[in-house]
Amino acid sequence: MGKTIAEKILARASNREDIEAGDIVEAEVDLAMSHDNAALVSKVFGEIGAEKVWDPSKIVIILDHRVPANTIKSAEGHKTIRQFVKEQGIENFHDIGEGICHQVLPEKGYVKPGMLIVGTDSHTTTHGAFGAFSTGIGATEMACVWATGKLWLKVPETIKIVINGKLKEMVMAKDVILHIIGEIGSDGANYKAIEFYGEVVDEISVASRMSISNQAMEAGAKVAIVPFDKKTEEFLKNRVKGKMEPVYADEDASYEDVLEFEVSDLEPQVACPHKVDNVKNIREVTGIPIDQAVLGSCTNGRLEDLAIAARILEGKKIQDRVRMIVIPASREVYIEAIRKGYIETFLKAGATIINPGCGPCLGAHQGVLASGERAISSTNRNFKGRMGSPDSEVYLASPATVAASALKGEIADPREVLK
Amino acid sequence: MIIRGKVIKYGDDINTDVIFPGRYLAITEAEEMAKHAMEDLDPDFLKKVKERNILVAGKNFGCGSSREQAAICLKYAGVKAIVARSFARIFFRNAINQGIPIVESPKAIEFINDGDEIEIDLERGEIKNLSTGKTFSFKPLPAFIRDIINAGGLVESMKKRLSKS
Ligand code: SF4
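Here the residue numbering is sequential within each chain, running from 1 through the sequence in written order. To read the labels, note that chains go from A and ligands from 1, taken in the order they are written. This being a predicted model, a pLDDT of at least 70 is required before a residue's local features are given, and a value of 80 or more before pairs of side-chain atoms are given or counted; all residues contribute to the totals for chains, interfaces and linings. No hydrogens and no water enter the side-chain calculation; it runs on all heavy atoms of the structure.

*Asks:* Quick one: what's the story with the side chain of N214 of chain A, residue by residue and with numbers?
*Replies:* Residues and elements named next belong to chain A. A run of DSSP states H or I qualifies as a helix once it reaches four residues; a run of E qualifies as a strand once it reaches two. Both are numbered from the N-terminal end. With respect to the helices and strands, the residue N214 is situated in helix α8 (residues 206-215). With relative accessibility at 0%, the residue N214 sits in the buried group. In what follows, a contact means two residues having at least one pair of non-hydrogen atoms within 4.5 Å. Residues within four places of N214 in sequence aside, it is in contact with H123, T125, T126, C298, T299 and N380. Partly exposed describes any residue whose relative accessible area lies between the buried limit of under 20% and the exposed limit of over 50%, with all areas from a 1.4 Å probe on protein chains only and scaled to the type maximum.

*Asks:* Which residues make up helix α8 (residues 154-164) of chain B, and what are the values?
*Replies:* All names here are of chain B. Residues L154, V155 and M158 constitute the buried set of α8. All buried residues of α8 lie within an arc of 90 degrees about the axis, which places them on one face of the element. Turned more than 90 degrees away from the buried face of α8, the exposed residues are S163 and K164. Think of the arc as the fan of directions from the helix axis to the C-beta atoms.

*Asks:* Describe empty space enclosed by the protein, listing the residues and the values that go with them.
*Replies:* Leftover empty space is mapped by rolling, across the atoms, a probe with the size of a water molecule. Residue and element names in this part refer to chain A. Site definitions follow a grid-based scheme: protein atoms alone, a 1 Å grid, a 1.4 Å probe that fits but cannot get out for cavities, and for pockets an open set with protein on both sides within 12 Å along at least five of seven lines, plus lining residues having an atom within 4 Å of a point. Grid points are joined across faces, edges and corners, and a volume is the space filled by probe spheres set on the points. Under the counting rule described, the total for this entry stands at three cavities of 30 Å³ or more. In this structure, the largest cavity spans a volume of roughly 490 Å³. Contributions of two or more residues to the lining of the largest cavity are made by α2 (38-47), α3 (72-88), α4 (101-107) and α11 (297-300). At five residues, α3 tops the list of elements feeding residues into the lining of the largest cavity. Residue composition of the lining of the largest cavity, by class: 15 nonpolar, 17 polar and nine charged. For this classification, Asp, Glu, Lys and Arg are treated as charged, while Ala, Val, Leu, Ile, Met, Phe, Trp, Tyr, Cys and Pro are nonpolar and the rest, including Gly, are polar.

*Asks:* Describe the domain arrangement of chain A, listing the residues and the values that go with them.
*Replies:* Residue and element names in this part refer to chain A. Throughout the structure description, domain borders are defined by an automatic or database domain assignment. Partitioning chain A into domains gives domain 1 (5-243 + 252-261) and domain 2 (270-417). On a C-alpha basis, the centroid separation for the pair domain 1 and domain 2 is 24 Å. With 39 residues of domain 1 at the interface, the matching set in domain 2 holds 39 residues. When domain 1 packs against domain 2, the two sides together hide about 3,200 Å² of surface, and 55% of this comes from carbon and sulfur. Among the residues of domain 1 in contact with domain 2, I100, M170 and M172 are the three that bury the most area, contributing 21% of the side total. Each reported salt bridge corresponds to a side-chain nitrogen of Lys or Arg within 4 Å of a carboxyl oxygen of Asp or Glu. At the junction of domain 1 and domain 2, the tally comes to four salt bridges. Here R381 makes a salt bridge to E218, at a shortest N to O gap of 2.9 Å. For this analysis, a polar contact is any N or O atom pair within 3.5 Å, provided that within protein one partner can donate a hydrogen and the other can accept it, and provided that sequence-adjacent residues contribute only side-chain to side-chain pairs. The interface formed by domain 1 and domain 2 contains 25 residue pairs in polar contact (both at pLDDT 80 or more). Across the side of domain 1 that touches domain 2, the residue classes tally to 12 nonpolar, 17 polar and 10 charged. When two parts are put together, the accessible area they lose, computed with a 1.4 Å probe and summed over both, is reported as buried area.

Following this line, the structure appears as structure tokens:
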């Protein structure tokens, strides 16, 4: 019987010949990533009585969630982490300002196809865009990974998702994945691996694939893999060290389900409060007034996201009553966006630029919402209270829709404002 | 392990942001975390959990973030077990790693009401609803996972493992 990508990677990582979905394996981790919650991980690391990490070269820590520190508590956490990496000889440490972990990890060449990556962040699925088995785990588990390099994992069933057609202008990968989540539900891929195929997947950029693998977590996916190809190779080749060993599924791999989507007619999509699978066509929600527009995050804070928003805002002004917050996903993205003039466009349009990092995405700082306020956001979660007050609302949409809405002061169709 | 207690019942898709809001993520002490458990879902939770310490919920309990605080805050708020139609995968692992007995049972939500008293036998895979007299079964977790729960969580079980080697 043929194997899926997930089965093959876990077989290699657990030194087993033949494994299949449902088996439980003890796997050796290739890369272990944490962010600000490394403070909690290091505390548990002490509690289990571990002294030295198993392999400092396989641990990466990137501070992004509350940067620069917003409270004394956050500052203490960062301080603990800086001390810990020094003591343990962890050189792969990126302090505040480098960007969001899921952007920085591939940018800095840590991600390679076929790897088993775990991260103390649910959106670690992002690195599936590079053909890796990449998934989120909790802090206690990470402490044990730091100590032993090992972790038990259940080999997931795989759902094959085929996306065909040709996207219309102003319709983005974000719209595609929101549409899919709307169809399969917020637990539609719970515990499962997804492999993405199809014309659209081949056609779109690496950044767009990252957006899909990232957002797919909101359907519960354990991993969300786009098979490695020329585009990913192009992105990684000057960044990674050593050989790339991509893993592909066998022709006769056994999938739990095969889902096909034809997206040529797809309109911009919006996930309405308070669930990511509460997805509507743009025309059902246009006209809803907004107070804040957020462009950024590990889902959609990359150069192409800023580019499309800048195209919409070029030479225009956002509505007075709207606060628009732009967060480039990383230092690299930020520098490019300055070079290309996007940042100037945003500033002149009336937006506020904040430093690379998670920004207001998790409701901790830099643009939290007051009660009764409503935001449209290119981030990945719209749970109650996600961006601030439990009485606020978050609508999720593509960068194009976010920019168009900032311009009009209400949820707007990006195809309309460009006319 | 046998757990007995009264039930607080919630619906589907209870996510990690309402279990433990992001604005408190810098907190590192478990007792402090417990003070914010379920804050955005049920403001009376901390009062209720004093009397009733088994949570019963619908599908996809704990969906969302990998934040282990969601499991930790429930444990330290006094939750003794969680029974749900299904769990989101990271929460499922986090709960086990915190030593919280969890039961996946599609029947639970139909056969257990808010306020019922129930008894869960983790090894045998059986829930007795003492209030209604009904008994039903679920597939027990694999033995090595039950061992983690019995040890009180992954920290305790790991300590044993590290001190042996
Ligand atoms: S940008 Fe948002 S979703 Fe992404 S890692 Fe940061 S907090 Fe999480």
